[in-house]
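Descriptive analysis of the structure
Below are the chains, spelled out letter by letter.
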Amino acid sequence: MSATASRSRRTGIRRGEAASGWLFTAPVILLLGVFLVVPVLMALWVSFSDWGGRGSPFSPDVKFVGLDNYATLLGGGGLAEQDFGTALKNNAWYVVLVVPIQTAVSLGLAVLVSRAILRGRGFFRTAFYFPSVTSSVAITVLWLFLFSTSGAVNKVLSWFGINGPNWFNDPSGIIHNFLRLFGVTQGPAALTRNTALGVSWWDWLGGPSVAMTAFIIMAVFTTSGTFMLLFLAALQNLGGDVTEAAMMDGANGWQRFWRITLPQLRPTLFTVLTLGLIGCWQVFDQIYTGTRGAPGKTTLTPAYLSYQTSFVNQEWGQGAAIAFILFVIIVVFTIFQRWVLRDRKVSKRRMRLYQPALAAGTAAGSAPSSVPAAPETDDSDRKGALR
């Protein structure tokens, strides 16, 4: 068979494989196109239009308004801008507190249940993961009872002489409450007069409200079990050779974890942080079931504000604009997070520390061997030995 015929045959096989691949993936591509890509493009068009929710968004009565919906939210100076700024502030504090706490808790739980000396590891893994598979609506209703004025949480706090707050009806920020202990009841003029998205900087720095703090505790409680499984799977796939070498070098438990185990968990850490970041910026069902933005809009989030603006106020253009601004925020934070956790080259300062060891290793490798070489024998000697 000639080379040309062989090449054409391989090309035909590859074409057949490509056609089979497209044939098998066509249903999935079709479903994603119909139920994902098309709705996203329609929502993008709605964000640039004045559609009121009646009829088709592509009807001649719907007008193209450009960036007016985005301008109203980001610099309109009205109630829409203030509500959007308040929602961003609430959700930003939610992300800042939930993501690192749930990551640390899930990693600690994974290290705990992966230890061989722990008895009943299967029970603890199931117990820690159980809140993650429970309905978020059921957990929210349970949380409303636990954190009510006469609930179990305040009852436990009363045992220690602490008068618990009225959790879901307290709009004050926890940082402002902490400053009041030292007599600070009002911020400086530079923070109270200057605003961002209709919200003063003093309110931006006030921390989450007491009501939002209860949701933060609930988020850590319900999501740590899921991320624990991711860390647990990663820990079980780590080799023990490097850890044993570190133990031989005298490294203690914290040094082995910080210098050896944690760097090997970087891919899993990126996954956990990314999933936690996306989930925190999209929090909706807890707010809808629990407080619906109350008290005083201190539990309002962009996801719930998008729903409220679209379905309640019938301002579908602004609601879609909120959704796409939220999408941009998530993408930007994910890219920044990937940049922070990227693999970095060894700095020149550390290379100077390694140079003596490298030089010593090179010198040892080039030194003559102390083992005497075996004497060479010719063919006649080998034949005599065989005889």
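**Some details on the nonpolar core**
Within soluble globular proteins, side chains that are nonpolar tend to cluster in buried spots. Of all hydrophobic cores here, the largest spans 56 residues; its most connected members are Phe84, Tyr94 and Trp281. Listing elements by their share of this core, those giving two or more residues are α2 (68–75), α3 (79–113), α5 (136–146), α10 (210–236), α12 (253–264), α13 (266–281), α15 (302–312) and α16 (316–340). Here this core takes 13 residues from α10, the largest share from any one element. Those residues in contact with tryptophan 281 that sit more than four places away from it in its chain are Leu88, Asn91, Ala92, Val95, Leu326, Ile329, Ile330 and Phe333.

**Observations concerning the confidence of the model for the chain**
The predicted coordinates should not be examined in detail at positions where pLDDT is low. Averaged over every residue, the pLDDT of the chain is 85; the share at 70 or more is 85%. Predicted confidence for residues 367–387 stays below pLDDT 50, and this span has one contact to residues more than four positions away or in other chains.

**A short note on the packing of aromatic side chains**
Two aromatic rings are characterised by how far apart their centres lie and by the angle between their planes. What the rule picks out here adds up to 26 aromatic pairs. Ring centres of tryptophan 281 and phenylalanine 333 lie 5.9 Å apart, and the angle between their planes is 45°; on these two criteria the pair is classed as tilted. Pair noted here: tryptophan 281 is in helix α13 and phenylalanine 333 is in helix α16, with a separation of 52 residues, a long-range link. Residue class for tryptophan 281 comes out buried when judged on its relative accessible area of 4%. Classification of phenylalanine 333 by relative accessible area gives partly exposed; the value is 38%. Among the aromatic residues, those joined into a cluster by ring pairs are Trp51, Phe284, Tyr288, Tyr304, Tyr307, Phe311 and Trp316. The ring of tyrosine 288 carries arginine 292 above its face, with NZ or CZ at 4.2 Å from the centroid. A cation sits over an aromatic face here: arginine 338 above phenylalanine 270, 5.3 Å from the ring centre.

**As for unusual backbone geometry**
Along the chain, alanine 294 connects to proline 295 via a cis peptide bond; the corresponding omega equals -5°. By the secondary structure assignment, proline 295 is in the loop between α14 (285–289) and α15. The phi angle at arginine 292 is positive, at roughly 55°, despite the residue not being glycine. In this fold, arginine 292 is placed in the loop between α14 and α15.

**Observations regarding a nonpolar patch on the surface**
Judged by side-chain polarity, Val28, Leu32, Leu36, Val37, Val40, Leu41 and Leu44 come together as a nonpolar surface patch covering roughly 580 Å² of accessible area. Structurally, valine 28 can be placed in helix α1 (residues 3–47).

**Digging into α10**
Taking 1.5 Å per residue, 27 residues should reach 39 Å; α10 reaches 39 Å between its end C-alpha atoms and fits that length. The sharpest bend along α10 reaches about 35° and sits at serine 224. Within α10, 19 of the 27 residues are buried, which leaves it mostly tucked inside the rest of the structure.

**Points about the pattern of salt bridges**
Taken as a whole, this structure holds one salt bridge when the rule is applied. With a closest N to O distance of 2.7 Å, aspartate 83 and lysine 297 form a salt bridge. Of this pair, aspartate 83 sits in helix α3 while lysine 297 sits in the loop between α14 and α15; the two residues are 214 residues apart in sequence, bridging distant segments of the chain. On the basis of relative accessibility, which here comes to 14%, the residue aspartate 83 falls in the buried class. Residue lysine 297 is classed as partly exposed on the basis of its relative accessible area, which comes to 36%.

What counts and what doesn't
Residues numbered from 1 in each chain as written. Predicted model: local features only at pLDDT ≥ 70, side-chain atom pairs only at ≥ 80, totals over all residues. Heavy atoms only, no water. Core = buried A, V, L, I, M, F, W, Y, C linked by side-chain atoms within 4.5 Å. Buried < 20%, exposed > 50% of the residue type's maximum accessible area, 1.4 Å probe, protein only. Helix = DSSP H or I, 4+ residues; strand = E, 2+ residues; numbered from the N terminus. Contact = heavy atoms within 4.5 Å. pLDDT = per-residue confidence, 0-100. Phe/Tyr/Trp six-rings, centres within 6.5 Å; stacked < 30°, edge-to-face > 60°. Lys NZ or Arg CZ within 6 Å of the ring centre and 35° of its normal. Patch = residues over 30% accessible without salt bridge, like charges linked within 9 Å, V, L, I, M, F, W, Y side chains within 5 Å. Areas by Shrake-Rupley, 256 points an atom, 1.4 Å probe, with all protein chains shown as cover. Salt bridge = Lys/Arg side-chain N within 4 Å of Asp/Glu carboxyl O. Expected span 1.5 Å × (residues − 1). Bend = angle between axes of the 7 residues up to and from the residue.

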